[in-house]
Every structure is written in structure tokens, then in C-alpha cells.
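# Chain and residue survey
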Amino acid sequence: MEQPIVHTELHGRVALVRLASGNPLNPLTDALIDALVSAMQRIEADPAVHATVLTGSDKAFAAGADIVGMAPLDYATAFSEDLIGRNWDHLRRLRKPLIAAVRGYALGGGCELAMMCDIVIAARDALFGQPEIKLGIVPGAGGTQRLPRAAGKSTAMLACLTGEALPASDALACGLISKVVEPDALIEEALRIGQQIARHSLPVIVAVKEAVDRSFESSLAEGLLFERRLFHAGFSLADQKEGMAAFLERRTARFVNR
Ligand code: DAK
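First things first, this report covers the structure right here in the doc. (Residues numbered from 1 in each chain as written. Predicted model: local features only at pLDDT ≥ 70, side-chain atom pairs only at ≥ 80, totals over all residues. Heavy atoms only, no water.)

### Notes on the overall build of the chain
Helix and strand counts for the chain stand at 12 helices and 10 strands. In terms of overall size, the chain behaves like a compact globule, its C-alpha atoms giving a radius of gyration of 19 Å where 258 residues would be expected to give roughly 18 Å. Projected onto its principal axes, the C-alpha coordinates of the chain cover approximately 65 × 50 × 40 Å. Across the 258 residues that make up the chain, the buried fraction comes to 39%. Contacts in the chain between residues far apart in sequence, at least 24 positions, make up 67% of those at least 6 positions apart. Element-wise, carbon and sulfur atoms account for 58% of the exposed surface of the chain, whose accessible area totals about 14,100 Å². The averaged location of the 30 negative side-chain charges in the chain is 9 Å from the averaged location of its 27 positive side-chain charges. (Helix = DSSP H or I, 4+ residues; strand = E, 2+ residues; numbered from the N terminus. Rg over C-alpha atoms; globule rule 2.2 N^0.38 Å. Buried < 20%, exposed > 50% of the residue type's maximum accessible area, 1.4 Å probe, protein only. Contact = heavy atoms within 4.5 Å. Areas by Shrake-Rupley, 256 points an atom, 1.4 Å probe, with all protein chains shown as cover. Lys, Arg positive; Asp, Glu negative; His and termini not counted. Charge placed at Lys NZ, Arg CZ, Asp CG, Glu CD.)

See below:
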């Protein structure tokens, strides 16, 4: 029987999903992305899970798409079969928050996968980069689009044009990631953040993620209108009544997720 290449375990309402492809560098083969998509779809369908931590090995979050599989590709095949694009698209449509916990290399598709997550935290030994230019290709899963939005144009140009990786401290300074911790504390800290999110009402968590994501896709006026509509809609939730009552009664809210 084939070994699973994505492991999922539950920590209360937080799922911990680990890429474990057998190669500690976690090359993102089609099979690995398929397994990740399946795991994430199970999590999306499970109302008991409110947030996910995605991590890799001690050596790498992921060192990029599978170069062995890509090397012989021609344009006609890549285009007509939508190679490697096919399954990646599911990952950007997830509704529940995804926290990337990065150790070691996050290169090429690995950096792009981290940037698809909602929050990125990293160990001191993490390295983020888009080395595709060294392979004679451009980034293909958002490197030229999400990196400038997260880290600014100059940092993105530097990373994509030189192919040189940013250490965690630089990634923190430019806003690509939210936090740097000691390697041994990474998972604990990511789960702690996950638990902090997960104690809130699920529909409100999903609405907050949708609203923040919308800020990257719309004008300020449209984004503010979208937020206003979500804000008004929130008064239809039992959890709005519960959250405000709990505040006024000086007790912890007991959300029912509707
Ligand atoms: N793919 C396949 N094999 C890889 C790999 C990768 N990305 N990275 C490493 N390996 C393999 C190596 O070939 C080697 O295999 P063996 O020789 O043992 O069979 C083994 O892993 C160990 O690698 P190294 O010997 O190189 O290990 P080191 O510790 O010396 O170096 C390294 C670690 C991470 C610095 C180095 O392996 C490296 O530079 N790796 C390549 C990094 C890279 O160029 N990444 C970008 C790939 S292009 C898209 C979605 C995604 C993408 C594009 C489109 N769509 C949705 C459309 C993404 C593209 C990419 O990521």
C-alpha cells in the first residue's frame, strides 16, 4: 500500500496538515498537491474544524514544484492539460483560515504555497525565494503577483530577478510573514494562533477571511461596501447576540456557529 504523503491530525478545532512526501525537501509533485487538496476538502467539509496549520518537514516547507516532472514538458502539453495548474486552483478557494508554519526552504511553488495561506509564521532557519529564473522559467503560481502585494515591488523584483532567497528575518521585515520563532517552537506557536482563531464563530471567521481577501481584488470603495454588507448581515447570526451578551454579562461567549 502507498504511504500517505499528507498527514492530518486534529488538535481540538485546529487541523495540523503536514506535507511528508518521503523526500524531506517536499517537491510539490502532482500527487502531493492532489493529496493536499483532498485533505483540505475534507477539512472544509468538517464543521468541527475552524482553522488549519500547514507545515512541511524540518528541512523544507517545500522546495518547489517537481522539477523532474516539469523538465520534459512542452508548451502544447502544459497548456492543453493545464499541467500543475489544475489542482493548485482549489487551494486558493478555501474558506477556512490556513496558517503556514515554515521551516527550512520555501522556494518557488513552496513560497507560493505559503503565500496562498492566510497567515505565515516561520522558524529562524526558514528561507523564502522564487528561484525559477535560475531554471529558465518565470514563477507560475503567484510569485510575481502575491510577492509584490505582500512584500512590495522592490523586494519582489529582487527576489524574482536574482532568484536569491530571503531569510526569515528579512521576510518578516518586508511583511511577507507575520512572525519568526525558534524552530522547536514553530508548531506550538502555529497551533496557538490556530486555537485563538478557532474559538470564534465559524461563519464570522469565514466572513473575516472573505473580507480581507476582497481587499486584494477590489477598489477601496467596493471593498468597504462589501465589508459593510457583511457587517450588516452579521446581525442575523445567533452568535452576534451571544457574543455581545457575553461581553455585557462579563462571561466567555459560547458560540454555536450560526
Ligand atoms: N523538484 C524535484 N526534485 C527536487 C527539488 C524539486 N523542486 N528540489 C530538490 N530536489 C531533489 C534533488 O534533485 C535531490 O534529488 P536526488 O539527487 O537525491 O535524487 C534531492 O531533492 C536533494 O536535493 P539537493 O541535493 O539539491 O539538496 P540540497 O540540500 O543540496 O539543496 C535546495 C536544497 C532546496 C537548495 C536545492 O535542492 C534546490 O535548489 N532545489 C530546487 C529549488 C527550486 O528551484 N525550486 C523552484 C522549482 S520551480 C504552478 C505551480 C507551481 C509552480 C509553477 C506553476 N502552477 C499552478 C501553474 C512552481 C514552480 C517551481 O516551484
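Still more to cover.
### Observations regarding the nonpolar core
If you look at the biggest cluster of nonpolar residues, it comprises 46 residues, and the most contacted ones within it are Val-102 and Phe-128. Looking at this core element by element, the count peaks at 7 residues for helix α1 (residues 30-45). Residues Ile-99, Ile-121, Ala-123 and Ile-197 belong to the second largest nonpolar core, which totals 16 residues. (Core = buried A, V, L, I, M, F, W, Y, C linked by side-chain atoms within 4.5 Å.)

### With respect to the site of the ligand
Near the ligand you find 23 residues, and of these Asn-23, Ala-63, Ala-65, Ile-67 and Gly-109 are the closest. Between Asn-23 and the ligand, the recorded distance is 3.1 Å, taken from a side-chain N or O atom to an oxygen atom. Between Ala-63 and the ligand, the recorded distance is 2.9 Å, taken from a backbone N or O atom to a nitrogen atom. Here the ligand, which alone exposes 1,100 Å², has 61% of that area covered by the protein. Taken together, the elements giving at least two residues each to the shell around the ligand come down to α2 (67-70), α4 (85-91), β6 (105-107) and α5 (109-116). (Near = heavy atom within 4 Å. Polar contact = N/O pair within 3.5 Å; in protein donor to acceptor, adjacent residues only side chain to side chain.)

### Comments concerning the side chain of Asn-87
Among the structural elements, Asn-87 can be located in helix α4. For Asn-87, the side chain forms a polar contact with the side chain of Asp-34, separated by 2.9 Å. Not counting chain neighbours up to four residues away, the residues in contact with Asn-87 comprise Asp-30, Ile-33, Asp-34 and Val-37.

### Here's the deal with the side chain of Ser-57
In this structure, Ser-57 sits in the loop between β3 (51-55) and β4 (60-62). A polar contact of 2.6 Å, which involves the side chain of Ser-57, links it to the backbone oxygen of Pro-24. The contacts of Ser-57, once residues within four sequence positions are left out, are Leu-19, Pro-24, Asn-26 and Arg-103.

### Observations concerning the packing of helix α6 (residues 143-151) against helix α7 (residues 153-162)
Taken N-terminus to C-terminus, the directions of α6 and α7 make an angle of 140°; their axes are 7 Å apart at the nearest point. If you check the angle between α6 and α7, you find them oblique. When the axes of α6 and α7 are compared, the crossing they make is right-handed. Residues Gly-143, Leu-147, Pro-148 and Ala-151 of α6 lie in contact with α7, whose contacting residues are Lys-153, Thr-155, Ala-156, Ala-159 and Cys-160. Of the residues contributing to the contact of α6 with α7, the split by class is 6 nonpolar, 2 polar and 1 charged. (Axes fitted to C-alpha atoms, helices over the stretch in contact; angles between N-to-C directions. Parallel < 35°, antiparallel > 145°, perpendicular 65-115°, else oblique. Left-handed = near helix turned anticlockwise from the far one by under 90°. Nonpolar A, V, L, I, M, F, W, Y, C, P; charged D, E, K, R; others polar.)

### Quick look at the sheet that holds strand β8 (residues 127-129)
What the 4 strands build is an open sheet, ordered β4-β6-β8-β9; its pairing is mixed. The strands lining the two open edges of the sheet, one partner per strand, are β4 and β9 (166-167). In this sheet, β9 lies alongside β8 in antiparallel orientation, the contact comprising 2 bridges. Of the residues in β9, the one forming a bridge with Phe-128 is Leu-166. Of the strands in this sheet, β4, β6 and β8 touch α5, which is tilted by about 90° from β6. (Pairing = 2+ DSSP bridges.)

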